[in-house]
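These are the residues of each chain, in order.
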Amino acid sequence: MKENLCKIYCSPHLHSSETTTKIMFYVILSLIPAILGSVYFFGFYVLNVIFVSVISCVLSELLFQILMKRRKVLFDGSSIVTGILLALVLPPRIPLWIAGIGGFLAIFLVKELFGGIGFNIFNPALTARAILLASFPVEMTKFINVFDYSVDAVTSPTPLFIMKENINQSLPSLWNMFIGARAGCIGETSTILLLIGAIFLLSKKVITWHIPISYILTVAILSLIFKEKVFYQIMGGGLILGAFFMATDYVTSPITKKGKIIFGIGCGVITFLIRKAGGYPEGVCYSILFMNMFVPVINRYTIPKKFGSKK
Amino acid sequence: MFKGGVKLLDFKSLSKDEKIEEFKYPEKVIIPLSQHTGIPAKPVVKKGDYVIEGQVIGEIGGFISSYIHSSISGKVIDILPWNLPTNRKSLSIVIESDGEKKSIEKKQREWLKLESNEIINIVREAGIVGLGGAAFPTHVKLTIPEGKKVDFLLINGCECEPFLTCDYRVLKEFTDEVIEGIQIIAKAVNVKDVFIGIESNKIDLLPVLRNSLKNLKIFLNIEIKVLPEKYPQGSEKHLIKSILNREVPSGRLPIDVGCVVFNIQTTLAIKRAVCDGIPLTERVLTCSGLVGKPKNLKVKIGTLISEILNYCEGEVKYGRKIVTGGPMMGIQIANPDVPVLKGTTGILLLPEEKLPEDIQPCIRCGKCIEICPMFLMPSEIGRYVEHGRYDKCEYLNVFDCIECGCCAYICPAKRPLVDFIKCAKLKLRKK
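An account of the accompanying structure is given in this report. (Residues numbered from 1 in each chain as written. Chains lettered and ligands numbered in written order. Predicted model: local features only at pLDDT ≥ 70, side-chain atom pairs only at ≥ 80, totals over all residues. Heavy atoms only, no water.)

**A word on the interface of chain A and chain B**
How big an interface is tends to be reported as the loss of accessible area on association of its parts.
Inference 1: Taken together, the 43 residues of chain A in the interface contact 64 residues of chain B.
Inference 2: The largest share of the area that chain A buries against chain B comes from His13, Ile255 and Phe307 of chain A, three residues that together contribute 19% of it.
Inference 3: Counting across the chain A and chain B interface gives two salt bridges.
Inference 4: Across the contact surface, chain A and chain B share 19 residue pairs in polar contact (both at pLDDT 80 or more).
Inference 5: Going through the elements one at a time, helix H1 (20-42), helix H13 (257-277) and helix H15 (295-301) of chain A are the ones with two or more residues in the side of chain A that touches chain B.
Inference 6: For the side of chain A that touches chain B, the class distribution of residues is 18 nonpolar, 13 polar and twelve charged. (Contact = heavy atoms within 4.5 Å. Buried area = accessible area lost by both parts, 1.4 Å probe. Salt bridge = Lys/Arg side-chain N within 4 Å of Asp/Glu carboxyl O. Polar contact = N/O pair within 3.5 Å; in protein donor to acceptor, adjacent residues only side chain to side chain. Helix = DSSP H or I, 4+ residues; strand = E, 2+ residues; numbered from the N terminus. Nonpolar A, V, L, I, M, F, W, Y, C, P; charged D, E, K, R; others polar.)

**Regarding the side chain of Asn296 of chain B**
All names here are of chain B.
Inference 1: Note on placement: Asn296 falls in strand S14 (residues 295-300).
Inference 2: The exposure class assigned to Asn296 is buried, which follows from its relative accessible area of 0%.
Inference 3: At 2.8 Å, the side chain of Asn296 forms a polar contact with the backbone oxygen of Ser15.
Inference 4: Here Glu18 takes part through its backbone oxygen, which lies 2.9 Å from a polar atom of the side chain of Asn296.
Inference 5: The residues touching Asn296, leaving out its near neighbours within four places in the chain, are Ser15, Glu18, Lys19, Ile20, Glu21, Thr165, Cys166, Arg169, Leu285 and Thr286. (Buried < 20%, exposed > 50% of the residue type's maximum accessible area, 1.4 Å probe, protein only.)

**Observations concerning H13 of chain A**
Counting along an α-helix, one turn takes 3.6 residues, and residues three or four places apart therefore face a common direction.
Residues and elements named next belong to chain A.
Inference 1: The first and last C-alpha atoms of H13 sit 30 Å apart over 21 residues, in line with the 30 Å expected at 1.5 Å per residue.
Inference 2: Among the residues of H13, Gly259, Lys260, Phe263, Gly264, Gly266, Cys267, Gly268, Ile270, Thr271, Phe272, Ile274 and Arg275 are the ones counted as buried.
Inference 3: Next to the buried residues of H13 lie helix H7 (159-165), helix H10 (210-225), helix H11 (230-235), helix H12 (239-246), helix H14 (284-292) and H15. (Expected span 1.5 Å × (residues − 1).)

**A few points about the pairing of strand S17 (residues 346-351) of chain B**
All names here are of chain B.
Inference 1: With five of six residues buried, S17 is to be regarded as a mostly interior element.
Inference 2: Where strand S13 (residues 282-289) and S17 come together, four bridges link them in parallel fashion. Within S17, the position partnered with Ser288 by the bridge is Leu348. (Pairing = 2+ DSSP bridges.)

**Here's the deal with the environment of Leu80 of chain B**
Residues and elements named next belong to chain B.
Inference 1: Within the secondary structure layout, Leu80 lies in strand S7 (residues 74-83).
Inference 2: Of the residues examined, Leu80 reaches a relative accessible area of 24% and is grouped as partly exposed.
Inference 3: Distance in space between the C-alpha atoms of Leu80 and Ser90 is 8.1 Å, their sequence separation being ten residues.
Inference 4: The residues touching Leu80, leaving out its near neighbours within four places in the chain, are Ser90, Leu91, Ser92 and Val94.

**Observations regarding helix H5 (residues 205-215) of chain B**
Residue and element names in this part refer to chain B.
Inference 1: By the burial criterion, the buried members of H5 are Leu205, Leu206, Leu209, Ser212 and Leu213. One face of H5 carries all of its buried residues, which in axial projection span an arc of 135°. Facing away from the buried side of H5, by more than 90 degrees, are the exposed residues Pro207, Lys214 and Asn215. (Arc of directions from axis to C-beta.)

**A look at the packing of helix H1 (residues 116-125) of chain B against helix H7 (residues 264-276) of chain B**
Residue and element names in this part refer to chain B.
Inference 1: Where H1 contacts H7, the axes come no closer than 9 Å and their chain directions differ by 105°. Accordingly, the angle class assigned to the pair H1 and H7 is roughly perpendicular. For the pair H1 and H7, contact is made by Ile119, Ile122 and Val123 and by Ile270, Ala273 and Val274, respectively.
Inference 2: Looking at side-chain class alone, the contact of H1 with H7 contains six nonpolar, no polar and no charged residues. (Axes fitted to C-alpha atoms, helices over the stretch in contact; angles between N-to-C directions. Parallel < 35°, antiparallel > 145°, perpendicular 65-115°, else oblique.)

**A look at the pattern of salt bridges**
Residue and element names in this part refer to chain B.
Inference 1: Taken as a whole and assessed by the stated rule, the structure comprises 34 salt bridges over all chains.
Inference 2: The salt bridge involving Glu21 is made with Lys295; its shortest N-O contact spans 3.3 Å. Linking Glu21 in strand S1 (residues 20-22) with Lys295 in strand S14, this pair joins segments that are 274 residues apart in sequence.
Inference 3: Residue Lys295 is classed as buried on the basis of its relative accessible area of 11%.
Inference 4: The residue Asp391 makes a salt bridge to Arg389 at a minimum N-O spacing of 3.2 Å.
Inference 5: Among the ionic contacts, a cluster of salt bridges with common partners joins Glu53, Glu282, Lys298 and Lys300.

**Considering the pairing of S13 of chain B**
Residue and element names in this part refer to chain B.
Inference 1: Burial analysis of S13 places seven of its eight residues in the buried class, which makes it a mostly covered element.
Inference 2: Bridging between S13 and S14 involves six bridges; their strand directions are antiparallel. Following the sheet pairing, Thr286 is matched in S14 by Asn296.
Inference 3: Where S13 folds back on S14, the antiparallel hairpin that results is connected by five residues.

Okay, here's the thing in structure tokens:
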């Protein structure tokens, strides 16, 4: 008997060069402009936050795999992405230990306990943020002035807060909103830098336009109808970051194009509802988590019609 | 144009300019009795019999079956089950050459004087099956069921699988014969309008075909359609969709939308059977990939693949796999000592890919759903197969899958989606 020279594989015998790790790498690359921008606006402290969050996520993943006695430790870079995204939705002067807890919650609780990559129901970074907001309401809502690099920087309300509470303070100019010179979470402020990353992801076909465009358009249209300041609604809060980087998370968004549009519209409506009628000035985080729960149902009702099913 | 599909690197330049070469007369051939879709042929020779090239050695086993002819002259030395390139076994007739290269008398015929049923009978007796890979008996396809009408005849020259160039070479070198074949098929199925579909990477065939159409006496409206390079353009259903914008209903055949589709080499084989009285005993295939000399070879049916690989300087060693057919739908074989069948379009030596050892989880990116040309949900079917929920796979129309491999090609987690789908089909059929 001749020895087997090669394992027998099923067709196809060609595969694209796309891998899960490569996709995660592209997402990390796409977030670099926003990270650099946040350092420019809020000082080097934000790098510490990102670092702690990423390390916490990676270690939590490792810890879980050791605890579960997985034969092989799987590392595809998704925990790094979660770590960065979590840091980007935290306030700029968040105590580092809170960021550390957040990373643990995101990976251990929200992702791994549900079965790891591909099986979690909720977006890990956003769920961790929601838990932190409920647990540390003071620290999680302390936003600061831009270009104030000191550790105990002067606090400043976010544009959405100003609009919601009608407090006596002028809104930043639209230009400042666009480039990101306004109070807010670490990575959510700069529309232009986030869009650069988003265009990169779209060009690499990592994400499709369906969720972000339907999401942002819904918010825009609702703002027009209810006579809100449209551009402040779009560029304020975390809408750009959420629409392009959070809502498009593969695992927690619908799998078909039609489903993605429904998901985007749903997110838009709930975001606007929370901002307009809810208790918080910002609703992106909760709206995406809310719509995450609908993903299985949306998937079930958007099964594509097979080829040749007309007539 | 059809929705879905993928753009592939075609690797055709390796063998595109290699003229069709006649492979040496084999010393021994192994001719399986089950090379086609349907019932295996019945052997009509015994061990020790003397046969000549073109002699019937296997008789048609039913309606959906085919005759089998000897491809060389010599002695039947054994009749035994042998491995096929499809990794199954079939009763096979082993013939050893006597070196005399004798063949049956070739009867010249005028196809214009033949009736439709006469043509179909000649095709049947010549043992012609679809040479594009599926090997469906051609006489069955030519027999139009009562109540159906054929509006269009489509000639499939897409050859959308990477590496393969045999149909391209045949169309280039035997253009007149292929066009004669088209006219014969058109007469057999009584149709006037013909489309020849080629992919844009074979655009240089356009002047060749036009020239041939100008010089021959043509009784039909033949139009050449240049289609974009997209896999699986050569799938019957997608070819019809691209050329005529008709969608073959799920579970039905092209005839249900008034079309019949024939492969280039099948057309050539029909011409040779009808006009020159030559039964199907050889075919052109491409030997390419990591071989020293990629070639397009005219090979006797039953020649061992190992001999062809040797001739093309393809060294079988660790980390290389042998694939029969194209890289997207072809079958990897464990042992090269298997014979060339009527449906063997290519022999490829490919590098073993670095795929994950364990099955990775689906990250639900939805790319497979986006590109599935049958609009199925391969990722979901895969997940259900992993959990043994085959009933759910049926609900997700797993039987509509054409196993083109686009989903597994694009999958970032490199999940064996075609494996899953084949498994689901098998389990559901067994039930």
